[in-house]
Structures are given as C-alpha cells and as structure tokens.
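Report on the structure
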Amino acid sequence: MSVKMSHPDYSAQGWQQIVVSLDGPVAIVKLNRAKQRNSITIPVVRDLVAAYDILDRDDRVRVVVLTADHTAHAFCSGADLSSGWGGLFSEEDERQGRHTHRDSGGTVTLAIFRCRKLTIAAVNGHAAGVGITGLQLPCDFRFVWAGAKLAFPFVRRGIVPEAISTYLLPRLIGYSRAVGLLLSGGTYSPDSPLLQGLYHATFPNREDVLPAALAFARELAANTSQTGVAWTKALLWRGADSIEGQHILDSRGIADLASRGDAAEGAQAFKEHRAVRFSDVLSRDLSDFVPWWTELDVRQRKAKL
Amino acid sequence: MSVKMSHPDYSAQGWQQIVVSLDGPVAIVKLNRAKQRNSITIPVVRDLVAAYDILDRDDRVRVVVLTADHTAHAFCSGADLSSGWGGLFSEEDERQGRHTHRDSGGTVTLAIFRCRKLTIAAVNGHAAGVGITGLQLPCDFRFVWAGAKLAFPFVRRGIVPEAISTYLLPRLIGYSRAVGLLLSGGTYSPDSPLLQGLYHATFPNREDVLPAALAFARELAANTSQTGVAWTKALLWRGADSIEGQHILDSRGIADLASRGDAAEGAQAFKEHRAVRFSDVLSRDLSDFVPWWTELDVRQRKAKL
Amino acid sequence: MSVKMSHPDYSAQGWQQIVVSLDGPVAIVKLNRAKQRNSITIPVVRDLVAAYDILDRDDRVRVVVLTADHTAHAFCSGADLSSGWGGLFSEEDERQGRHTHRDSGGTVTLAIFRCRKLTIAAVNGHAAGVGITGLQLPCDFRFVWAGAKLAFPFVRRGIVPEAISTYLLPRLIGYSRAVGLLLSGGTYSPDSPLLQGLYHATFPNREDVLPAALAFARELAANTSQTGVAWTKALLWRGADSIEGQHILDSRGIADLASRGDAAEGAQAFKEHRAVRFSDVLSRDLSDFVPWWTELDVRQRKAKL
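Criteria and thresholds
In this convention, every chain numbers its residues from 1, walking through the sequence in written order. Here the convention is simple: chains get letters from A, ligands get numbers from 1, in the order in which they are written. Local features are withheld for residues below a pLDDT of 70 in this predicted model, meaning they are given only at 70 or higher, and side-chain atom pairs are given and counted only at 80 or more; totals for whole chains, interfaces and linings count all residues. In computing side-chain properties, one takes all heavy atoms of the structure into account and sets aside hydrogens as well as water. UniProt positions are given in the numbering used here, feature names are shortened, and annotations may be inferred rather than shown by experiment. Salt bridges are identified by distance alone: a Lys or Arg side-chain nitrogen within 4 Å of an Asp or Glu carboxyl oxygen. Secondary structure is summarised from DSSP: a helix means a run of H or I of at least four residues, a strand means a run of E of at least two, and numbering begins at the N terminus for each. To sort residues, take the accessible area from a 1.4 Å probe on protein chains only and compare it with the maximum for the residue type: under 20% means buried, over 50% means exposed, and anything in between is partly exposed. Copies are brought into register by a least-squares superposition over C-alpha atoms of residues with pLDDT of at least 70 in both. Throughout, a residue-residue contact means that at least one pair of heavy atoms, one from each residue, lies within 4.5 Å. Only the stretch in contact is used when fitting a helix axis, every axis being a line fitted to C-alpha atoms; angles between N-to-C directions are given from 0 to 180 degrees. Throughout this description, any angle smaller than 35 degrees is read as roughly parallel, any larger than 145 degrees as roughly antiparallel, any in the 65 to 115 degree range as roughly perpendicular, and the remainder as oblique. All residues other than Ala, Val, Leu, Ile, Met, Phe, Trp, Tyr, Cys, Pro, Asp, Glu, Lys and Arg, Gly among them, are scored as polar; the first ten of these are nonpolar and the last four charged. Simply put, the buried area is the total loss of 1.4 Å probe accessible area from both parts when two parts are fitted together. Polar contact criterion, stated in full: a pair of N or O atoms within 3.5 Å, where within protein one must be able to donate a hydrogen and the other to accept it, and residues adjacent in sequence count only if both atoms are side-chain atoms. Here, a strand pair is defined by DSSP locating no fewer than two bridges between the strands.

As annotated in an unreviewed UniProt entry, chain A carries the name Peroxisomal enoyl-CoA-hydratase and comes from Russula ochroleuca. Quoted straight from UniProt, the Sequence similarities (unreviewed entry) entry for chain A says "Belongs to the enoyl-CoA hydratase/isomerase family."

Structure below.
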C-alpha cells in the first residue's frame, strides 16, 4: 500500500473496525467492535495492518497505544469462530490451496512488530487467543487490568498458538513460562507466576488502564528520540547472531546518531538540566544503513489462475 | 530400535531400572533404584531412552509423568560415581577414542525432548546433576517438592554441566539465572530467586507432588489435542530463525490442523459449552510436513575395527 | 597485545584509571576516578581492556571482581560527556570516517565477556549507561547496593543503547524486561520488577557490597575448577545452534575433562567428603579443541593513509 500523504487524516481512511485518533505525538488505536467482544475478523485485521503501516511512517507519531472500550465485555475475545475455522480462510486460500494460507493474526503481529515507533497495549479487559498473541506480544509495553482473564486455549481447541506467538513468547519471558502457558492451554490472571515479566504495569480498575498508558505514552513521546527509538528496536530484534557482530552494529548506530541533531540536543539538555526538544524524524534522519537485515517475503504464493 | 506393536505392553519390555505403567492416556515412568538414590547409570539411561521412544509413538499416550519413590533418599542423586568418571565411558568409547563419546545424560535429554507428547517431571525428592539436567530440563512442566535440595555441582567437580543443560537452561529461564546456577555450582531450594520460573508448581510435602502432577496430567490428557500439542512443541523448539519464517510455519500449522477432526471438535465443543472429545492421533493425523527441520546425526562415529 | 610474563606485576602496568590487585586467586579491579564519578573515557577503556586481557591469561587468577570506591558519588556515571559526543570519537575515527568507529563501551564488554575466569561486578553505587551496559552485563555475577539508581538513558539522549547491551540484556533477562528498560530509558532501583533476575545479590549498605562479593569470590576460587569454568562459559555463550549440536559439544567437554586432574580430584574429594584442591590451569590443561567457534574480526578497518 502506498500512502503519499505526509499528514494523513486518520478519520478519512474508511476504517470501520477500529478508530484511530491523534493526541499530539500519541496515536490511539481503539478496537471498535465492543458488542462482538472485539473479536478478530478479516476486516479487523485489514484495518489494523493498514493503520500500523501508516502510523509507522507518519513523522508526527511517536507512540501508538492500542486499546478497547473498557466497558466492553472483553478487550478482545480472540478470533471470531461464529462460522467455525472456515472463517479463517479466504477465497484465495481455497483457490491456491490452504497450505499457502497466511495466518491473519500473524499479519497483525508483523504490522505492529515492524512499526518503528514505541507501541503500547492498554489491555483494559479480558483477552483470549489472538487478543494476546496478535495484539499484545508484538508491542513494546503491555499495561493490563489486574482482573483480566488471559486465555491461551489453542491446544484445547485442536490448533496451534498462532500470530507468531511461538517465536515471540519464549523470547519475551523465556521458554519455561512460555511452554507452561502455551502447552497448558490455560487461563491466567496477570499476577500468575507464569506471566511474570510480561506486563509493564498492572491496574486494579479497568478504567485506569488507558489513562495510565496515555500518561506513560505522553511522557515517552516528549522525551525520547524518534530515530534513537527506531535504531534501538532494530538493534534489539534484528541484531547480529554473535556478540562481535552486534558490537559492529551498535557501533554503527552510535556513529550515525552521535552526528545528528537529536544527540546534540540530548547532550545539550543534559548539560543545561532541562527537558529535551527532539526534532529528528524517521523520513529525513534515519540512516540509509537501516534496514541492514533481509526479510523473507511472506506474501501468499499465487500459482493457480 | 523398531517397535512394531501398536499397543506395547510396558510390563514386558524387560526394563529393570524403571517401571512404566499406563493410567489411561497418562504414562508414569518411575525410577526403580530407590536404594541407590536413583542415581543414573548406563542401564538406567538405556531404559529411559527406550521408554520415551516408545511412549512417543504409542497413540494411546497423551502425557508422560516422570517420577520416583517419594520415600527414597532422593528423586535422583545424579550420576553414579562409585567407580569414578570411568563409569561414564563405554568399551566402545575406549576403542574409538573418548573424543567420540556421547554423554549419556544428553541421550536421556534428547529422548524426552523429542517425545511429542506432554511431559512432566514430578520431582518428589532431592535432585543433583543429571537428576536436574537430564531428567527435568527437557520436560514441558516441572512439579517439585518445596524441600528439595537442587544441586548443580559440575564446576565444583572439575567437569562441565552436561545433558545439554547449557543449551536448555539459558533458554528456559534466561542467561542471568542459568549462569548464576551453573557457574556458582551451588545447591538451591525451589524458592531461590535463581530458580524462579523453572518450576510450574511447588508442594510442601513430598507425597503430594506425584498426585498433583497426575491430576494435572489427567486434565491435560482429557482436554488437549495430541496433534495440536505435537505441532506446538515443534513450533516452539524447532522454529524458524526469523519472525517472518515463523509466520510462514505457524500459518502452515493453522492451515493443516483447521481441516482436521480435532479442530472441528474443538470449535463444536466451544459452541456447545461442553468438554472436548479429541480423537486425532499422531500415527494417522500428523501432517507429512512435520518434521520440517533437519537434525544432526548424534550417533558415535565408528572409525576403528 | 602480547604479555609474556607468566606472573605479571599488576602494580607495574602503568594503568592510571584503574587499580588492579591480587588477593590470592581473586583479582580486584577498582575504578580510580572517584572524583569524576568514575565516568568512562577512552583511557579508562584502554586500561580495562588491557587488564582483563592479562587477567584472562594469568593462571593464578580464578575470579575477577570489578568495583569502585563506595564513597564515590557513583559506581560509574556513564560516558564522560563533558565535551559532548565528540569525545567518543578518536582521531582515527575522523580520518577513516565515523562509520568505521568501534564503540569503546563495546570493547570493554568484549574484554570482560572473553575473560575465561569467573567475573563479578560489585556495584556499590549508582550506575548509568555504560556503567551498566559495559561494566555489569558481561559479568557472570552482579552484586548491587539496594539504593543504587540504575539509569538506561540512551533513547532520552538521542542515541542507542551501546556496549552490546542489545545483545546481552535480552538474553540475560528476556526481551520483555530488556525492552522495558531500554525503550523506556528510565532509572530503576534493583528491586524493580524490570530488573528481576539480573542481580545475584542485593545489599542494603554500599559498604557491604564489595566484602560480600569478595567472600563469594574466595569461596568460588577455592572450590571451582579453572578448566571446568572456562569450558562451561564457552558452552553457555559459544554453543551450537541446535540441541543436537550442543549434545556433541558438551559430550566433548565431558570426555576431555573427565580424563584430567581436576575431575579426578573432584571425584576423590567427593568420596572422601573433603574440600577439593584443584590444580589444572588454562595455559596447560585447556584442550586444543577450545575455542571451537570462529569470531568476527572487530578491529577498525583502515582504508585511508
């Protein structure tokens, strides 16, 4: 998708399943299917992927907060299974063969994961399945309601954990806890020992989660460098496979950023004991060295007419 | 080893070092050397490897629980060093050269690790060395007695942590804790901060560990899909080395499983608010796509006559 | 650098920025810039790299403790930014182009990381930036003062986390916590949930950190095998990329070490219920099989005259 607008109008994108709004440098992505427990359908996936793709490239945006209506029955009840598993597959899947299928939860995960801005999930209700794996795991920070029921039911439904959760969850909290969650197929509270380390902050009331996430987002937006954040996310997730290789990569990051405006401002503000005023933006100030990694083509192969 | 029986008789395998019994879909593997503190010898290793190899392929089995007599002096006191380190080496090792040796603890680890069923260690006593690294780390879930002394003495004996523990332990609980355990060579209680996240559940009395593990095993056996579990274990441990690669793999898992009986039953049971009755089995219903990974040949090289 | 002395005299190395002393098998490396809050400069880096390089090869040394004056304002306040970011770059950097720069914090990290002895950081004061990433993360054990302010300010200064921290921190404590620390850019206490698992021990008073670290170091030095430790560190950090490959590697470690003096002594002392007296040393008793891995050349490329 090509978005030429440098200042896209988020109310004019035609998204029905989500509502995206800008509060200065903080974007809020709100699931818009409260009556359907914010369950995930192909149209929801399409809107989320489109939104994170634009938010990634909109220089005004520094932090993206994903949330839901805290009065809804759930933050996200998982995939909509009202028409069984068949609802997961497209006409193109049936034409090309289901083995060419690309899991829709995984496309959401990739869209959030690839967003070079800070991403936060404000989980102000229960969540199940892709409501955890696709909406929460790829975010940088997760805020949660203490009363949330968090369900990982995959092996109890005869399928596998999807949305690339078998990649992300062991890396986020270690294999012991990830295996415990995914192979038990259980439902857990945020205070479960199995979930330790996954959530950045926990709140006793549903209505407090989003305001806290927004306050955190605003503070980060005001005080972090857009280029510094994008480089750091890339170093973390697209790093070298040896410590020596990573030394060469982060040296390159230091060399590049230290010569730019944000680093000069960072050092100056530090000296003057004042708040920073960063102005470097990704469209102009991100080194051509980024991206240094290669990515597999995950598009569905079309072999049949 | 080739086992043709589709319903093997576990009491007729000639194993002396362990006792294997079936309680419906739950298999219990019990160490049978209580008087020798269940220390590990070559014959114990041989029996364990043979048992997990068959349990992996017996369609009746959904969960395997490894345990010991809770009145024994130890769950497992580690390798039997009564004849020094020489006892670790076989005649073949001496003939081919010790550099061709294959660590026996590691063969146990691989046998449990490769078992495509759910695996649980019910650690109802003290454990040392391979009693942790070979018997516990490769299991999906670890249940433990709160009073257990857990010893990692390798560097204090002049050798290295074996049984592939330098691979598994950092992945299970992170490098910081794994390094702390393996390089201190210390003995720890299950409530040690260094062990946080390793054990799924802890029990104050030795005699309560196995019953709790069995109750957990029966619940899992009744409510999880054999094919879903096998796919999930493979995705977790044999995943792609990039997030995009893993997206392609788990998409394949979803596409395959969603078309099979267990997923249909899982969705139907969910709709009808009733318990599942899964019937897919590995010998018939596991996709030919599995295994997608390649494995190194770990057999000892024979170069001398 | 080539150091031919088998018993180097640490007081005669001409190091000004650090003081290195030997207490039997325990070496103490003390930062020597208390008045400058032990901030890191190019000369400090040069001395630290030289010291760990020698300590790695001095057979007398079994444990290295890195610390500072507990009455200093900080254990280490990070990079010295008194002349801005320019101070990070050398004349050679400017001549060859800053893209050939090698981050100096990373060279400290590599020097400590490559030291084959046990390494401990005794963090008896506040620490920021490279004072955490370069001085603490590469150590095997971290002891800390409970009152320490630990700052990860990189993205708030317009640069990236350096000293190979984007490699080490996610592996040490998992991606969820590492991302939380590095992308928030915040300052945390040792009891923060984000830091759980990173520190081996915490102490209420600054003056208690070093004595406790030294007591721990002496006990380890007396009771661990130098070759066993070196092999274990290599297996942990330079392991194979598959579980089968690691099985072959640790089998090799067992085969090699079981035939040597320390293992014989370890088994004998175990039988006789007495303390070990290990005497194997790296210069004589480490197998030629080590190192089995290859390392990237991280030296700065010189392309200009």
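The discussion continues.
Oppositely charged side chains can pair when the atoms bearing their charge come close. Under the definition given, this model contains 54 salt bridges over all chains. One salt bridge connects Asp80(A) with Arg33(A), and the closest N-O pair in it is separated by 3.9 Å. In this pair, Asp80(A) sits in the loop between strand 3 (63-67) and helix 2 (91-96) while Arg33(A) sits in the loop between strand 2 (26-31) and helix 1 (42-57), placing the two residues 47 residues apart along the sequence. Look at Asp80(A) and you get partly exposed, because its relative accessible area is 26%. Residue classification places Arg33(A) among the buried positions, given a relative accessible area of 13%. In this structure, Arg284(B) and Asp285(B) form a salt bridge, with 3.1 Å as the shortest nitrogen-oxygen distance. A relative accessible area of 56% places Arg284(B) in the exposed class. Taken together, the shared-partner salt bridges in this structure form one network comprising Arg114(A), Arg238(A), Glu295(A) and Glu244(B).

Below, the discussion takes up the relation of the copies chain A and chain B. For the pair chain A and chain B, the superposition axis carries a translation of 0.0 Å, the fit reaches an RMSD of 0.0 Å, and the rotation angle comes to 120 degrees. Such a turn and shift between the copies fits a three-fold axis. Closest to the rotation axis within chain A is the C-alpha of Gly174(A), separated from it by 3.6 Å. Interface overlap between copies: only 2% of the residues of chain A at the interface are likewise at the interface in chain B, consistent with a contact formed by different surfaces.

All names here are of chain B. Where helix 5 (residues 165-173) contacts helix 6 (residues 175-184), the axes come no closer than 7 Å and their chain directions differ by 135 degrees. Viewed along their axes, helix 5 and helix 6 adopt a mutual orientation that is oblique. Contact residues: Ser-165, Thr-166, Leu-169, Pro-170 and Ile-173 in helix 5; Tyr-175, Arg-177, Ala-178, Leu-181 and Leu-182 in helix 6. Taken together, the residues that form the contact of helix 5 with helix 6 break down as seven nonpolar, two polar and one charged.

Further remarks concern the interface of chain C and chain B. The interface is formed by 52 residues belonging to chain C together with 47 residues belonging to chain B. Both faces combined, the contact of chain C with chain B buries some 4,100 Å², and carbon together with sulfur accounts for 66% of it. Our count for the chain C to chain B interface comes out at three salt bridges. Arg114(B) is the partner of Glu244(C) in a salt bridge, and the nearest nitrogen-oxygen pair spans 3.0 Å. Inspection of the chain C/chain B interface yields 16 residue pairs in polar contact (both at pLDDT 80 or more). Among the secondary structure elements, those contributing two or more residues to the side of chain C that touches chain B are strand 6 (141-145), helix 5 (165-173), helix 7 (206-223), helix 8 (226-237), helix 9 (243-258) and helix 10 (261-271) of chain C. Considering each element in turn, the side of chain C that touches chain B owes the most residues, 14 residues, to helix 9 of chain C. Tallied by class, the residues present in the side of chain C that touches chain B amount to 25 nonpolar, 16 polar and eleven charged.

Turning our eyes to something else, we now look at the sheet that holds strand 5 (residues 127-128) of chain B. Residue and element names in this part refer to chain B. Pairing is mixed in the open sheet, where three strands are placed in the order 5-7-8. In this open sheet, the two strands that pair with only one neighbour each are strand 5 and strand 8 (187-188). Judged from the two bridges that link them, strand 7 (residues 150-151) and strand 8 form a sheet pairing that is antiparallel. The partner of Ala-151 across the bridge, within strand 8, is Thr-187.

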